[in-house]
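Fold and geometry: a report
Each chain is listed here by its residues.
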Amino acid sequence: MPGVAFRARSPYSPAAGGRSQGAADDPAYGRHRVRAVLGPTNTGKTHLAIERLLAHGSGIIGFPLRLLARENYDRMVAAKGERHVALITGEEKIVPPGARYFSCTVEAMPLDRSAEFVAVDEIQLCADADRGHVFTERLLHARGLVETMFLGAETIRPLLGRLIPDADIETRPRLSQLTYTGNAKLTKLPPRSAVVAFSAAEVYAIAELIRRRRGGCAVVMGRLSPRTRNAQVALYQDKEVDYLVATDAIGMGLNMDVNHVGFAGLSKFDGSRPRRLSAAEVAQIAGRAGRGMRDGSFGTTATCPDLPEDVVAAVEAHRFDPLEQIFWRNGALDFGSPDLLLASLQVPPPRRGLVAGNQAADLLTLDALTRDDDIRRLAGSRTATRLLWETCQIPDFRKLGDDSHTRLCARVFTSVMQTGRLPTDWLAAQITALSRSEGDIDTLMQRLSGVRVCSYIAARRDWLDDAPYWQGKAREVEDLLSDALHERLTTRFVDRRAALLFRRLDEAAGQDMLSAVTTQGEVVVEGHSVGHVAGFGFQPDPLAEGPSRRLVLRAARRALREEMPRRVQALVAAADAAFSMSGDAQRLLWTSTPGSAAPVARLRPGAALLQPMVEVLDSEFLDGAQRQRVRARLQAWLHGQIAATLAPLFEAQAQAQADPLLRGLLHRLVEEAGLVGGATAISVSPLLRRRLKPLGIRAGRLALFMPALLKPRQSRLRAVLLAVRAGVSLPPLPPAGAVSVARDGAADMAPAALLGALGWVAAGPVWLRLDIAERVMAEVAWLTRERPAALPSDLASLLSVQADLLPAVLRGLDVRLRPAAPLPDGHAGAPCPPLMSLARRRDPQPVTQAAPLPDAPGRTRRDGPFAALAALRVDRGGGR
């Protein structure tokens with residue numbers, strides 16, 4: 001392969017006037033810059049290279065894998081548009097006429113083009129005995145007109161510094177931590193784990209075990225096509241499976257959500273002999289765990305022993321022995337004759353640190369073909385020898401171990417030399433023979449290898465008429481085989497029940513799945529209980545384990561989409577007794593079957609305290625019309641409950657409509673659900689008080705209220721409405737029937753503002769029920785109307801407080817106690833009782849000193865509906 005530097009002028013070079021803005025802004029512009037960005041995996045090196053490439057007017061980047069080249073081609077297209085970006089690999093060539101940015105495999109980097117920016121990824125592969133000479137050729141000779149960037153591991157730093165003394169070398173740290181966790185059984189590996197094995201047989205065996213014990217896994221091997229590999233990766237990324245089993249092909253080009261990497265072996269066959277993995281190779285594979293800022297872990301599994309301590313330390317610290325040599329092959333080839341070509345390919349390395357690698361397949365093929373007399377006669381010119389070398393470079397993807405690949409290369413060379421073109425019927429026959437999707441996994445992978453060879457040949461426009469057409473035909477067959485291979489892998493290594501459900505979920509016949517909802521709300525799919533319906537939501541069974549759990553749940557959801565319309569109709573037709581409120585008053589419950597009350601809606605504040613709104617709980621199974629039907633039924637039930645429970649209040653309002661004096665007062669009382677705090681004994685005239693009494697309304701000294709609404713059932717509903725308006729959960733309330741509650745013991749109950757609004761009066765150390773407090777204060781007022789009176793002996797019992805607390809309680813009610821005068825000396829008899837009197841003035845104020853609840857009404861406006869009431873508030877001392 002000729003060692004041509006990327007320095008020739010092009011329409012995008014500075015000399016041609018095509019200087020890019022990105023290059024112009026670069027301080028290195030005007031002088032050629034070679035930059036090496038080194039570091040472990042997950043350091044953002046490739047991202048940096050793509051950013052630098054796109055900042056220039058033109059650029060070429062070489063990747064070690066076709067999959068990586070394709071992935072980054074898509075990124076570049078998204079940034080620059082299809083007409084400016086090219087993809088060149090052995091099997092694919094997409095080169096628009098105006099292409100300026102090239103994503104390539106390293107072998108396919110276009111040597112005849114120039115670019116401002118050139119980059120090579122994974123440059124440490126110079127040390128690979130099979131492909132290393134290609135990377136070394138790029139390292140020594142590939143240069144951008146403005147900037148060249150080499151990306152790779154820190155291990156190549158010393159050699160790179162010696163070979164390219166003017167290179168700027170920087171090291172990037174890993175973005176996340178990598179931690180060794182030791183050995184773990186396959187069945188104990190955490191979810192989102194990748195298991196790495198080093199032969200197809202091991203991969204299959206491990207995948208079978210994970211299928212049986214964990215439900216299935218995705219499989220990634222180097223022989224998979226990009227389409228199949230992407231489909232398997234998507235199976236993992238979409239969390240259809242939680243495990244991935246792969247060969248060391250996972251080490252480059254796959255950025256996935258892997259949290260842990262488990263090694264099922266520590267040795268591999270490198271093409272010539274089995275050998276142990278180096279610490280750097282372990283790190284390259286283990287580095288798939290913990291991408292971005294997320295930490296990862298690695299360890300061993302199955303029968304693999306623990307990693308040696310020195311290897312663990314090296315991987316965790318990212319410190320490895322530097323490379324002492326890289327592989328080289330002469331790039332300045334002599335095409336004078338086949339013998340001269342062979343001789344030039346076998347020139348020894350020219351300097352220290354460069355060594356010859358393994359005998360590459362192209363060299364072995366050339367050596368075999370030069371022994372054929374017919375081939376030698378055809379290769380009698382420089383052009384013919386160059387063509388012979390190009391045909392020998394057809395990749396041997398099939399690796400059959402016989403001379404079939406050599407014969408294929410001979411056929412291509414002979415046909416092109418004799419007729420100038422390959423016969424299209426021959427290529428058509430090759431592609432047709434491979435376009436069969438039946439067979440097992442190994443058969444399909446072998447056919448894919450054959451299609452890759454056809455794709456490589458079809459990409460040569462100088463060998464074929466209508467090369468784009470044949471590229472398309474080869475791609476069609478590759479897609480066909482790739483899809484079939486993905487299906488075989490999924491069927492074999494994912495639980496077959498799960499695979500069946502997965503396919504049927506995506507088909508129109510999905511409604512025919514064996515799924516049902518029992519009368520008790522149990523959801524059964526393919527004979528397995530997977531959860532219960534609660535209201536209009538699906539609750540998966542946490543104990544529903546098994547290989548097909550996720551897909552079975554998806555099937556259940558499909559079945560529920562048919563069940564939910566029936567349940568909507570059942571709710572709409574249900575009797576009122578089927579509905580209730582949750583204990584915290586946050587949810588409305590529906591009892592669809594006995595003993596199965598489930599939340600279906602929540603309460604939200606409405607336009608008024610007695611008009612709360614119903615909001616149906618979120619459900620993926622209800623559409624807008626169904627939600628409205630459910631809401632309307634629940635709203636009707638709620639309004640009915642309020643109307644029935646607070647019926648005395650609404651009846652009083654109806655009776656007051658004809659009386660202007662009462663109408664505004666009742667409106668205010670309804671707004672506050674039957675209780676308006678504030679002193680009324682001195683602000684409501686006796687006439688108005690007498691007119692309120694038949695309506696069941698009492699204008700007491702502490703509040704205007706309806707005693708009937710202080711009963712437990714009515715009081716609880718009022719508490720619910722007040723909590724909804726305040727946007728809080730319903731707190732614990734005083735026990736039903738209680739007369740007093742100790743204030744110290746009420747710390748875990750409702751706040752003071754809510755207790756006051758519910759009809760409880762703060763009286764010293766206790767809360768008193770409003771009607772009891774009003775009764776006591778009325779009796780005290782009557783008894784002390786002319787002079788202080790003796791304290792009744794049964795007052796403590798009436799207030800349900802201890803006798804020693806009675807004075808403090810009475811002080812809280814503005815009742816003054818005067819100690820009894822002692823008996824005169826010499827007199828005998830019972831002591832005189834204490835005397836009591838009521839404070840003559842009690843300013844209007846709320847029932848408690850606590851802050852009012854949200855939305856409490858403000859002061860009366862002169863133009864408001866209560867202006868008439870305000871006129872009635874006459875002070876005993878005069879107008880007010």
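Just above, that's the structure.
Residues numbered from 1 in each chain as written. Predicted model: local features only at pLDDT ≥ 70, side-chain atom pairs only at ≥ 80, totals over all residues. Heavy atoms only, no water.

This paragraph deals with the overall build of the chain. A tally of regular secondary structure across the chain gives 29 helices and 35 strands. Considering the chain as a whole, with its 880 residues, one finds that 49% of them fall into the buried category. Carbon and sulfur atoms form 52% of the exposed surface of the chain, whose accessible area is close to 40,500 Å². (Helix = DSSP H or I, 4+ residues; strand = E, 2+ residues; numbered from the N terminus. Buried < 20%, exposed > 50% of the residue type's maximum accessible area, 1.4 Å probe, protein only. Areas by Shrake-Rupley, 256 points an atom, 1.4 Å probe, with all protein chains shown as cover.)

Here we take up the packing of aromatic side chains. Going through the model one piece at a time under the given rule, you end up with five aromatic pairs. An angle of 20° between the planes, with centres 5.8 Å apart, marks the rings of Tyr204 and Phe493 as stacked. Here Phe493 lies in helix H17 (residues 467–493) and Tyr204 lies in helix H6 (residues 200–214), a separation of 289 residues in the sequence. Neither residue differs from the other here; Tyr204 and Phe493 are each classed as buried. Ring centres of Tyr469 and Trp470 lie 4.9 Å apart, and the angle between their planes is 80°; this geometry places the pair in the edge-to-face category. Its end group placed over the ring of Tyr236, Arg192 keeps NZ or CZ at 3.9 Å from the ring centre. The lysine or arginine in question, Arg785, covers the ring of Trp782, its NZ or CZ lying 3.8 Å from the ring centre. (Phe/Tyr/Trp six-rings, centres within 6.5 Å; stacked < 30°, edge-to-face > 60°. Lys NZ or Arg CZ within 6 Å of the ring centre and 35° of its normal.)

Positive phi values are uncommon outside glycine, yet Glu122 reaches one of about 55°. Structurally, Glu122 can be placed in the loop between strand E6 (117–120) and helix H4 (132–141). Residues other than glycine seldom take positive phi values, yet Ala302 does so here, at roughly 55°. Turning to its location among the elements, Ala302 is positioned in the loop between strand E16 (296–301) and helix H9 (309–317).

This brings us to the pairing of strand E7 (residues 147–152). The buried fraction of E7 amounts to six of the six residues, a majority that puts the element mostly inside the structure. With burial as the criterion, each face of E7 is covered, one bearing Glu147, Met149 and Leu151 and the other bearing Thr148, Phe150 and Gly152. As defined by bridge partners, strand E1 (residues 33–38) adjoins E7 across six bridges and the pair is classed as parallel. Residue pairing in the sheet places Ala36 in a bridge with Phe150 of E7. Here E6 runs beside E7; their pairing, made up of four bridges, is parallel. By the bridge assignment for E7, Phe117 is matched with Glu147. (Pairing = 2+ DSSP bridges.)

Before going further, it helps to spend a moment on the environment of Thr370. Looking at the element boundaries, Thr370 is found in the loop between helix H11 (361–369) and helix H12 (373–378). Here the alpha-carbon distance between Thr370 and Leu342, two residues 28 residues apart in the chain, equals 9.0 Å. Within polar-contact distance, the side chain of Thr370 engages the backbone oxygen of Asp367 at 2.9 Å. (Polar contact = N/O pair within 3.5 Å; in protein donor to acceptor, adjacent residues only side chain to side chain.)

In an α-helix, one turn spans 3.6 residues, which is why side chains three or four residues apart end up on the same side. Taking 1.5 Å per residue as the helical rise, helix H26 (residues 770–783) with its 14 residues ought to reach 20 Å, and the 20 Å between its terminal C-alpha atoms agrees with that figure. Listing the buried residues of H26 in full gives Leu770, Asp771, Ile772, Ala773, Glu774, Val776, Met777, Val780 and Ala781. (Expected span 1.5 Å × (residues − 1).)

What follows covers the pairing of strand E31 (residues 760–763). Sheet faces and side chains relate simply in a regular strand, where the side chains alternate between the two faces. Where E31 meets strand E32 (residues 766–769), four bridges bridge the pair, whose relative direction is antiparallel. When the bridges of E32 are listed, Ala762 appears paired with Trp767.

Next up on the list: the pattern of salt bridges. For the structure shown, the criterion picks out 41 salt bridges. Among the ionic pairs, Glu92 bridges to Arg66, the shortest N-O distance being 3.4 Å. Of this pair, Glu92 sits in the loop between strand E3 (85–88) and strand E4 (93–94) while Arg66 sits in helix H3 (residues 66–80), placing them 26 residues apart in sequence. Given the relative accessible area of 8%, Glu92 is considered buried. In this structure Arg66 comes out as buried when scored by relative accessible area, which is 11%. For Arg211, the salt bridge identified is with Glu208, shortest N-O distance 3.5 Å. You can see Arg211 and its partner Glu208 sitting in helix H6, three residues apart, about one turn around the helix. A single salt-bridge network, built from bridges that share partners, covers Arg66, Arg70, Asp74, Glu91, Glu92, Arg452 and Glu478. (Salt bridge = Lys/Arg side-chain N within 4 Å of Asp/Glu carboxyl O.)

Quick look at a positive patch on the surface now. A cluster of basic residues, Lys185, Lys188, Arg212, Arg213 and Arg214, forms a positive patch at the surface. Here Lys185 shows up in the loop between strand E9 (178–184) and strand E10 (193–196). Taking the relative accessible area as the measure of exposure, Lys185 reaches 59% and is therefore exposed. (Patch = residues over 30% accessible without salt bridge, like charges linked within 9 Å, V, L, I, M, F, W, Y side chains within 5 Å. Lys, Arg positive; Asp, Glu negative; His and termini not counted. Charge placed at Lys NZ, Arg CZ, Asp CG, Glu CD.)

Looking now at the sheet that holds strand E5 (residues 101–105). Hydrogen bonds between backbone atoms are what pair the strands of a sheet, whose relative direction is either parallel or antiparallel. Across the sheet, which stays open at both edges, the eight strands sit in the order E4-E3-E5-E2-E6-E7-E1-E8 with mixed pairing between neighbours. The sheet terminates laterally at E4 and strand E8 (168–171), the two strands that pair on one side only. Here E1 pairs with E8 via four bridges, running parallel. From the neighbouring strand, Arg35 faces E8, where its bridge partner is Asp168.

Turning our attention to the environment of His405. Position of His405 relative to the elements: it lies in helix H14 (residues 404–419). For His405, a relative accessible area of 5% gives the class buried. Separated by 44 residues in sequence, His405 and Ala361 place their C-alpha atoms 9.7 Å apart. Ignoring any residue separated from it by four or fewer positions in sequence, one finds His405 in contact with Thr365, Ile394, Pro395, Asp396 and Arg398. (Contact = heavy atoms within 4.5 Å.)

Examined against the element boundaries, Gln232 turns out to sit in helix H7 (residues 226–237). For Gln232, the side chain forms a polar contact with the side chain of His486, separated by 2.8 Å. Once residues lying within four places of it in the same chain are set aside, the contact partners of Gln232 are Ala218, Val219, His486, Leu489 and Thr490.

So, on to the nonpolar core. Counting 68 residues, the largest nonpolar core has Val523, Phe536, Leu610, Leu692 and Ile697 as the members making the most contacts within it. Ranked by the residues each element gives to this core, the list is headed by helix H24 (residues 712–726), at seven residues. Beyond its immediate stretch of four places on either side in the chain, Phe536 contacts Met564, Arg567, Val568, Leu571, Trp590, Val600, Ser619, Phe621, Leu622 and Val630. In this structure, Ala197, Val412, Ile441 and Trp470 belong to the second largest nonpolar core, which totals 63 residues. (Core = buried A, V, L, I, M, F, W, Y, C linked by side-chain atoms within 4.5 Å.)

Read from one edge to the other, the open sheet built from three strands follows the order E30-E32-E31, with strand pairing classed as antiparallel. Of all strands in the sheet, those bounded by a partner on one side alone are strand E30 (740–742) and E31. Sheet twist, expressed as the mean angle between neighbouring strand axes with direction ignored, is 25°. Note: E30 against E32, three bridges, orientation antiparallel. Considered in E32, the bridge of Ser740 is made with Leu768. Sheet strands in contact with H26 are E31 and E32, and its direction is about 85° off that of E32. (Axes fitted to C-alpha atoms, helices over the stretch in contact; angles between N-to-C directions.)

In this section: the packing of helix H10 (residues 338–345) against helix H13 (residues 382–392). It is the contact of H10 with H13, at a shortest axis distance of 9 Å, that shows an interaxial angle of 55°. Considered as vectors, H10 and H13 are oriented oblique to each other. Our pair here, H10 against H13, has a crossing hand that is right-handed. Between H10 and H13, the residues in contact are Pro338, Leu341 and Leu345 and Thr385, Leu388 and Trp389, respectively. The residue makeup of the contact of H10 with H13, split by class, is five nonpolar, one polar and no charged. (Parallel < 35°, antiparallel > 145°, perpendicular 65-115°, else oblique. Left-handed = near helix turned anticlockwise from the far one by under 90°. Nonpolar A, V, L, I, M, F, W, Y, C, P; charged D, E, K, R; others polar.)

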